[in-house]
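Below, each chain spelled out in residue letters.
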Amino acid sequence: MATTDEEVRELIKREYEHGFVTEIESDTFEPGLNEDVIRRLSDLKQEPEFMLEWRLKAYRRWLEMDEPEWAHVDYPQVKFDDISYYSAPKRPEDMPQSLDEVDPELLKTYEKLGIPLHERAKLAGVAVDAVFDSVSVVTTFKEPLEKAGVIFCPISEALQKHPELVKKYLGSVVPVADNYYAALNSAVFSDGSFVYIPKGVRCPLELSTYFRINAANTGQFERTLIIADAGSYVSYLEGCTAPMRDENQLHAAVVELVLLDDAQIKYSTVQNWYPGDETGKGGIYNFVTKRAACIGKNSKVSWTQVETGSAITWKYPSCILRGDNSVGEFYSVALTHNYQQADTGTKMIHIGKNTSSTVISKGISAGRSSNAYRGLVKFNPGAEGARNFTQCDSLLIGDRCGAHTFPYIESKNKSAIVEHEATTSKVSDEQMFLCRQRGIEPEQAVSMIVNGFCKEVFKELPMEFAVEAGKLLEVSLEGSVG
Amino acid sequence: MLSIKNLHACVENKQILNGLNLEIKAGEVHAIMGPNGSGKSTLSQVLAGNEAFDVTAGEVTFNGDNLLDLATEERAREGIFLAFQYPVEIPGVSNLQFLRTSVNAMRKHHGIEDMNAAEFMKLAKEVSKQVDLDPAFLKRGVNEGFSGGEKKRNEVMQALLLQPKLAILDETDSGLDIDALKVVADGVNALRASDRAILMITHYQRLLDHIVPDYVHVLSEGKIIRSGGPELALELEAKGYGWLGIEDQAAANHG
Ligand SMILES: Nc1ncnc2c1ncn2[C@@H]1O[C@H](COP(=O)(O)OP(=O)(O)O)[C@@H](O)[C@H]1O
Ligand SMILES: [Mg+2]
């Protein structure tokens, strides 16, 4: 009914909690991109020679490529020459030397995300790499990790300390010219996390990277590389926030996961980049390439994502299931409202025998937003006995939003089995009336209904983040019923 | 407790209630009977504050307050409870979570602190046993995959849990077999109290064998056309609605 829709719209109006700007002097490159900028960047980071070559190669390929237009999103062309490709706190004394010096605002934000930075907040057992604009500012819990043989450090540090590992695996999952934004990232990526879990090691802590865009008119191009050696296990979480600004900002990340025999990676994302205001002004363009290669047999990768932020999200965490019996999972909650646009999903590429994949996608659309699921399930000729299960549910709040599903299935193997289920539902007036008749505040009702809808995905998140994800949805839905 | 004067209401521009009057005092049990389509559910929805229905004239006071000024959730917190004729499902939200949120919303309104999970669990188990529902139902999604009878018992269970001032039961008896009817009736009888009123809406007389009302009203075309004691229900049962010169819409349609 009209009245309830009106209320629902009210409820969805949200406040963005992480919109503050941290006032520190920064060393920021002039806007613009050319080979000199890349040389300067590489030089500043004292990278090995091969890295500069790699970047330049990517840059030259990028110049020849066109911006993709196939996604179900609509935005003005990005002006790449108006973007600055590097920004870092200027004076060394502005860089936190220890955790006590990390900006308290940043610490607070971490706490809100359920990621305590202080060593004394050990109960969560989470090691954190904090990336602030283009640089990693602090990595916690280095010692216990080193003892276990785990390498967890900024990728710029890994390039100096473990160049052979980086050289071997960087670009092995997402080649430099994989796609337009991946090529750009390969050319200009500034920092990100590097993880190596040695053979047979179960990482003693959850690892986490927290990305923060602070400076204006800068792009954030982080690069994450995680290598799980044979028989190892790691659970990794990334969180993201950005200040509220009227201009759109570009975030083009690449994440590569490599899994050897019997290895397991659980990768969870809580993405809460600034989504823009109620009128659709500002917000982050989140164009991300995430891919896992299960090169070893019996390896298993799970992507779990809760996407509530960004003006535009363009993201398909994928699994290349090369090793026999390898398993890929994708659990996703994507919530859009106001004028947000999301085109997200996954690709499950079955190459090895008896590989299996599961896709559970929950899209929630509110306001005037547009939310698309795009998924590819592909079986190569050798994928004997492979199977996929896909479940794709959309929930609409109000009547001005859109939900779309684009499933693609390509099978070159007759023995492969695919199951696909899709549903679309609404937060109905009857459900709202029932909740309110039981004395429940309309806002709380919507968030309860939405949380119920997302339950299958939330249960895949590490405990403490599941609680946070629930809260984040609540905040994101603030103002959706009056 | 509840005073309805000259109530007119419509839904989607269709006039349904046409000048309904009703007085209910604390401690009383009233039954409203009437053919399908006569406006019984509309009355219950209007009292509970469903915004799909527009009140076009008349007034309703509840313990002296103008009920029509209050939002749905405010009415609920003031003690109006509606057992739905068609309870809706909320997938993924456990009954337990839903009910605890409800109980705590009511408590907050009355300045009482939240009930903790353990305390609530104990209470919820007790009331679910009272309506013969396996406590396992508490873990299931709200009405998710419940049979018709289970949904109705779940509604009565909620009334027992929330202890409202005015419980409106909309055809809580329909679709129940004899045993389930007995369970539901026992639950409703357990609700009877000197400080509580019950408004039972029913199409059939049989529920009234188990729950003997103080007053029976017959609703036709959005108006109460006859009121009396329990004997009115028996008379209706024996003679049919035609006796009062009204047509049973359902009987006519299905007949
Ligand atoms: N949401 C609605 N939209 C349109 N018509 C409705 C709606 N609800 C009830 N009605 C109509 O109002 C009349 C009374 O319905 P109702 O109050 O449900 O009767 P009862 O409960 O006595 O069977 C019926 O003609 C019904 O079709
Ligand atoms: Mg009815």
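To be clear, the structure that these remarks concern was listed above.
No experiment lies behind these values; they were computed from the predicted model shown.

Q: Summarise helix H5 (residues 148-162) of chain B; cite the residues concerned and give the values.
A: Residues and elements named next belong to chain B. Helix length check: H5 (15 residues) gives 22 Å between terminal C-alpha atoms against 21 Å at 1.5 Å per residue, within 8%. Of all 15 residues in H5, 14 are buried, a share of seventy percent or more. Of the residues trailing H5, Gln163 is marked for its positive phi of about 45°.

Q: Now, about the pairing of strand E6 (residues 80-83) of chain B: what can you tell me, with residues and values included?
A: Residue and element names in this part refer to chain B. Here E6 shows no split at all, with Ile80 and Leu82 on one side and Phe81 and Ala83 on the other all buried. Across four bridges, the pairing between E6 and strand E9 (residues 166-170) is parallel. When the bridges of E9 are listed, Leu82 appears paired with Ile168.

Q: Which residues make up the packing of helix H3 (residues 49-63) of chain A against helix H8 (residues 180-188) of chain A, and what values do they have?
A: Residue and element names in this part refer to chain A. Running from amino to carboxyl end, H3 crosses H8 at an angle of 145°, the nearest separation of the two axes being 7 Å. Both H3 and H8 take part in a crossing whose hand is left-handed. Each of Trp54, Arg55, Ala58, Tyr59 and Trp62 in H3 lies in contact with H8, whose residues at this interface are Tyr180, Ala183, Leu184, Ser186, Ala187 and Val188. Of the residues that constitute the contact of H3 with H8, the class distribution is nine nonpolar, one polar and one charged.

Q: How would you sum up the interface of chain A and chain B? Please name residues and give values.
A: Across the boundary between the two partners, chain A contributes 23 residues, which contact 33 residues of chain B. With both sides pooled, the region where chain A packs onto chain B buries about 2,200 Å², and carbon together with sulfur makes up 61% of that total. Area buried by chain A at its contact with chain B is led by Phe433, Gln437 and Arg438 of chain A, which between them contribute 33% of it. Joining chain A to chain B, the criterion identifies four salt bridges. A salt bridge links Glu155 of chain B to Arg438 of chain A, with the nearest nitrogen and oxygen atoms 2.9 Å apart. Taken together, the links from chain A to chain B amount to eleven residue pairs in polar contact (both at pLDDT 80 or more).

Q: Can you break down the packing of helix H3 (residues 95-109) of chain B against helix H4 (residues 117-130) of chain B residue by residue, with the values?
A: Pairs of packed helices are described in terms of their axes, by the angle between the two and the distance that separates them. Residues and elements named next belong to chain B. Contact geometry of H3 with H4 gives a least axis separation of 11 Å together with a crossing angle of 105°. On the basis of the axis angle, H3 is roughly perpendicular to H4. Contacts from Leu96, Leu99, Arg100 and Val103 in H3 reach Ala117, Phe120, Met121 and Ala124 in H4. Looking at the contact of H3 with H4 residue by residue, the class counts come to seven nonpolar, no polar and one charged.

Q: An account of the nonpolar core is needed here, citing residue identities and associated values.
A: Formed by 110 residues in total, the largest nonpolar core has its most connected members in Ile364 of chain A together with Leu2, Ile4, Leu47, Phe98 and Met200 of chain B. It is helix H6 (residues 178-191) of chain B that provides the largest number of residues to this core, a total of seven residues. Apart from residues lying up to four places away in sequence, Met200 of chain B is in contact with Val29, His30, Ala31, Ile32, Leu169, Leu207, Leu208, Ile211 and Pro213 of chain B. In terms of nonpolar packing, the next biggest core, distinct from the first, is built from 56 residues, Val37, Leu52, Ile151 and Tyr180 of chain A among them.

About the cut-offs
- Residues numbered from 1 in each chain as written.
- Chains lettered and ligands numbered in written order.
- Predicted model: local features only at pLDDT ≥ 70, side-chain atom pairs only at ≥ 80, totals over all residues.
- Heavy atoms only, no water.
- Helix = DSSP H or I, 4+ residues; strand = E, 2+ residues; numbered from the N terminus.
- Expected span 1.5 Å × (residues − 1).
- Buried < 20%, exposed > 50% of the residue type's maximum accessible area, 1.4 Å probe, protein only.
- Pairing = 2+ DSSP bridges.
- Axes fitted to C-alpha atoms, helices over the stretch in contact; angles between N-to-C directions.
- Left-handed = near helix turned anticlockwise from the far one by under 90°.
- Contact = heavy atoms within 4.5 Å.
- Nonpolar A, V, L, I, M, F, W, Y, C, P; charged D, E, K, R; others polar.
- Buried area = accessible area lost by both parts, 1.4 Å probe.
- Salt bridge = Lys/Arg side-chain N within 4 Å of Asp/Glu carboxyl O.
- Polar contact = N/O pair within 3.5 Å; in protein donor to acceptor, adjacent residues only side chain to side chain.
- Parallel < 35°, antiparallel > 145°, perpendicular 65-115°, else oblique.
- Core = buried A, V, L, I, M, F, W, Y, C linked by side-chain atoms within 4.5 Å.

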